[in-house]
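# Observations on chain architecture
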Amino acid sequence: MSVLIKNGKIVTASEDFIADVYIEDEKITAIGKNLNYNAEKIIDASDKLVLPGGIDPHVHLDMPFMGTYSSDDYETGTRAALHGGTTSVIEFILQTQGDTLHNALKTWQEKSQHKAVGDYSYHMAVTDFNDDVAKEVVQMIEEEGITSFKTFMAYKGALMIDDGQMVQLMKVVRDHGGLVTVHATNGDMIDSLIARNLASGKTKPLYHYLSQPEVTEAEASARFCDMLHYTGCPGYIVHMTCEGALNAVRKATLRNQKVFVETCSQYLMIDASLYEREDGAKWVMSPPLREKKDQEALWSGINQGLVQVVGTDHCPFTLEQKAMGKDDFSKIPNGHPAIEHRMEFIYSEGVHKGKITLNKFVEVCATNASKIFGMYPRKGTIAIGADADIVVFDPSKKHTISVKTHHMNCDYSAYEGWEVTGKTETVLLRGKVAIENEECKLKPGDGQFIPREKSSLII
Ligand code: URP
Ligand code: ZN
Ligand code: ZN
């Protein structure tokens, strides 16, 4: 199949210019003015942006968590992602404590193969580190194309590892060219605050927020940076929410240390006042939403180059699942639906409102994740030889977010009624039309596993 996209404004992390893009089979084969090729399909992109397909490196699909499973699986989740212009996701395999990484990999392959509509890769969450797991870590990097290892400094008894395991894991990952990523919050401190609040009858969603104050994230982020510095391992902090944690990374840069940072669209857009509502459970996630001053710090962090990636931490639960915690906030499954609208939100709130440039938008929504996680230049840019993952985006189209129109398998929208400027129009995945006229043209199994190389940003 050949496709010619005409007259769009091509945007990469470093440039934007009006030109045509020609695609043969899965790859971009030419970029230039007035390309004169006979293509099987021609897309007129006049007055539109032509963007690299988005990459969301933080999603949870069909994930066993807090006594239930996140409500989007690989089919519904990757399809919803495509609707919003995200063509690749990186999801988390969870090692069961006491079991092997390979068994976890097998379980996740069964969940994803034949089901994914869009492209995907995996981070491996190491929840129980020992000498045998160390050998498996090396095999994941060398044989399976899994080069990033997720750790949790919270969720004790289920996912958390201690600092001793953390530094030993870091040494192995460092020696084999991988990356350690982290959910950086002080799990012990949070658990004790939760217990105190529940013991005094404070059971509402607001106390989820009050049990995870900013210091729990700032302290753990600083500790993680120190452990990276000690071991010489490259690291990446996921879902950063607050000024205090960002300052821990800023401080690490003073000793010439580079730690990658991801925030998520929700932490740039909505704040903790939502926890005072009766339906506050809809926004119960960890870390929790924070304050306006934290949103400002994060937008500044993006422009300062301290925050390189905006993901979603998409982890949806239905209202019935959220009701598991109606009498006890600690039983509300943590997470919210977001995979579909990240690109539109960051365009609307960031570019349209004048907070970031178009190039920065592409950088944080696609290019940096590709570079950090070893998919560049195959993914995350518009260049000759790259996969033809392309979004034709209408920058002036206004629309309203609603559960009635979203494609995520979740019976509420966390952004109901939110007005957005900018809409995904047509999406190509490796040269095939994925989304057109608001319909998905791909089927389960069309999404491919993307094995990853070592990061191109780590020296
Ligand atoms: O609330 C969240 N973030 N749920 C998903 C698990 C995690 O910590 O990322
Ligand atoms: Zn997390
Ligand atoms: Zn997560």
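Note that residues are indexed from 1 along each chain, following the sequence as it is written. Chain labels run from A onward and ligand labels from 1 onward, assigned in the order the entries are written. Predicted model: local features are reported for residues with pLDDT of at least 70 only, side-chain atom pairs are reported and counted for 80 or more only, and whole-chain, interface and lining totals are derived from all residues. Hydrogen atoms and water are omitted, and side-chain values are computed over all heavy atoms in the structure.

## Looking at the site of ligand 1
Taken together, H58, H60, F65, Y155, H183, H239, M285, S286, D313, C315, N334 and G335 make up all the residues around ligand 1. The definition of a polar contact used here is a pair of N or O atoms within 3.5 Å, where within protein one atom must be able to donate a hydrogen and the other to accept one, and adjacent residues in sequence count solely through side-chain atom pairs. Between an oxygen atom of ligand 1 and a side-chain N or O atom of Y155, the distance comes to 2.7 Å. Taking H183, its side chain carries an N or O atom lying 3.0 Å from an oxygen atom of ligand 1. Notes on ligand 1: free accessible area 260 Å², of which the protein chains cover 99%. Three classes are used: nonpolar for Ala, Val, Leu, Ile, Met, Phe, Trp, Tyr, Cys and Pro, charged for Asp, Glu, Lys and Arg, and polar for all others, with Gly counted as polar. Classifying every residue of the shell around ligand 1 by side-chain character gives 4 nonpolar, 7 polar and 1 charged. Residues are classed as near a molecule or strand on a simple rule: at least one heavy atom within 4 Å of it. Values of accessible area rely on a 1.4 Å probe in the Shrake-Rupley scheme; residue burial ignores everything except the protein chains shown.

## Thoughts on the nonpolar core
Take the buried residues of types Ala, Val, Leu, Ile, Met, Phe, Trp, Tyr and Cys, join any two whose side-chain atoms come within 4.5 Å, and each joined set is a nonpolar core. Between buried and exposed lies partly exposed: a residue is buried under 20% and exposed over 50% of the maximum accessible area for its type, with that area taken using a 1.4 Å probe on protein chains only. Counting residues in each nonpolar core, the largest one holds 108 residues, and the members touching the most others are V137 and F361. Of all hydrophobic cores here, the second largest spans 17 residues; its members include V3, V21, A45 and V433.

## What about the side chain of N197?
Note on placement: N197 falls in helix 5 (residues 187-199). Any two residues whose heavy atoms approach within 4.5 Å are treated as being in contact. N197 has contacts with K202, Y207, L210, S211 and F329, leaving out every residue within four places of it along the chain. Helix and strand definitions follow DSSP, with helices as H or I runs of at least four residues and strands as E runs of at least two, each counted in order from the N terminus.

## Brief notes about helix 13 (residues 358-372)
Expected helix span is computed as 1.5 Å times (number of residues minus one). With 15 residues, helix 13 extends 20 Å from end C-alpha to end C-alpha; this agrees with the ideal 21 Å at 1.5 Å per step. Within helix 13, 14 of the 15 residues are buried, which leaves the element mostly enclosed by the surrounding structure.

## What about the packing of aromatic side chains?
Here is the rule: rings of Phe, Tyr and Trp (six-membered ring for Trp) pair when centre to centre is within 6.5 Å. Planes less than 30 degrees apart are stacked, more than 60 are edge-to-face, and the remainder are tilted. Tallied over the full model, the rule gives 15 aromatic pairs. Each ring, one from Y74 and one from Y120, has its centre 5.4 Å from the other, and the planes form 70°; the classification is edge-to-face. Linking Y74 in helix 1 (residues 74-83) with Y120 in strand 10 (residues 119-125), this pair joins segments that are 46 residues apart in sequence. Residue Y74 is classed as buried on the basis of its relative accessible area, which comes to 0%. On the basis of relative accessibility, which here comes to 4%, the residue Y120 falls in the buried class. Ring plane angle 55° and centroid distance 5.7 Å describe the contact between Y120 and Y122, whose orientation is recorded as tilted. A relative accessible area of 2% places Y122 in the buried class. One aromatic cluster is present, built from ring pairs that chain together Y74, Y120, Y122 and F449. Residue placement shows K150 over the ring face of F92; its charged tip is 4.2 Å from the ring centre. Comment: the charge-over-ring label is applied if NZ (Lys) or CZ (Arg) is within 6 Å of the ring centre and within 35 degrees of the ring normal.

## Observations concerning the pairing of strand 10
Within strand 10, 7 of the 7 residues are buried, which leaves the element mostly enclosed by the surrounding structure. Here strand 10 shows a buried face lined by D119, S121, H123 and A125 and a second buried face lined by Y120, Y122 and M124. Two strands are counted as paired when DSSP detects at least two bridges linking them. As paired strands, strand 9 (residues 86-94) and strand 10 are joined by 7 bridges and run parallel to one another. When the sheet's bridge partners are listed, S88 is paired in strand 10 with D119. In the sheet, strand 10 pairs with strand 11 (residues 148-152) via 2 bridges, with the strands oriented parallel. Paired with A125 across the bridge in strand 11 is K150. Whether a crossover is right-handed depends on one test, that the path from the first strand over the helix to the second runs clockwise when the strands point away from the viewer. Read as a crossover between parallel neighbours, the route from strand 10 over helix 3 (residues 131-143) to strand 11 is right-handed.

## Focus: the coordination of the zinc ion (ligand 2)
Ideal values differ by geometry: the angle at a metal is 109.5 degrees with four tetrahedral donors, but 90 or 180 degrees with six octahedral donors. Think of the donor list as every N, O and S atom within 2.8 Å of the metal, or within 3.2 Å for Na, K and Ca; water never makes the list, so a site can look incomplete. In this structure, H183 (ND1) and H239 (NE2) serve as the protein donors to the zinc ion (ligand 2), at separations of 2.0 Å. The rule is simple: four donors are tetrahedral if all their angles sit between 85 and 135 degrees, four are square planar and six octahedral if opposite donors span more than 155 degrees and the others lie between 65 and 115, and anything that fits none of that is irregular. Between the 4 donor atoms coordinating the zinc ion (ligand 2), the angles at the centre fall across 56 to 151°, so the site counts as irregular. A separation of 3.8 Å is found between the zinc ion (ligand 2) and the zinc ion (ligand 3). Note that H183 is positioned in strand 12 (residues 179-183) and H239 in strand 13 (residues 235-240), a separation of 56 residues in sequence. Across the pair, exposure class does not vary: H183 and H239 are buried alike.

## Brief notes about the coordination of the zinc ion (ligand 3)
Protein-derived coordination of the zinc ion (ligand 3) comes from H58 (NE2), H60 (NE2) and D313 (OD), at a distance range of 2.0 to 2.1 Å. Around the zinc ion (ligand 3), the 4 donor atoms sit at angles spanning 86 to 135°, and that spread fits a shape best called tetrahedral.

Note that every value here comes from positions in space, so none of it alone points to a role or purpose.
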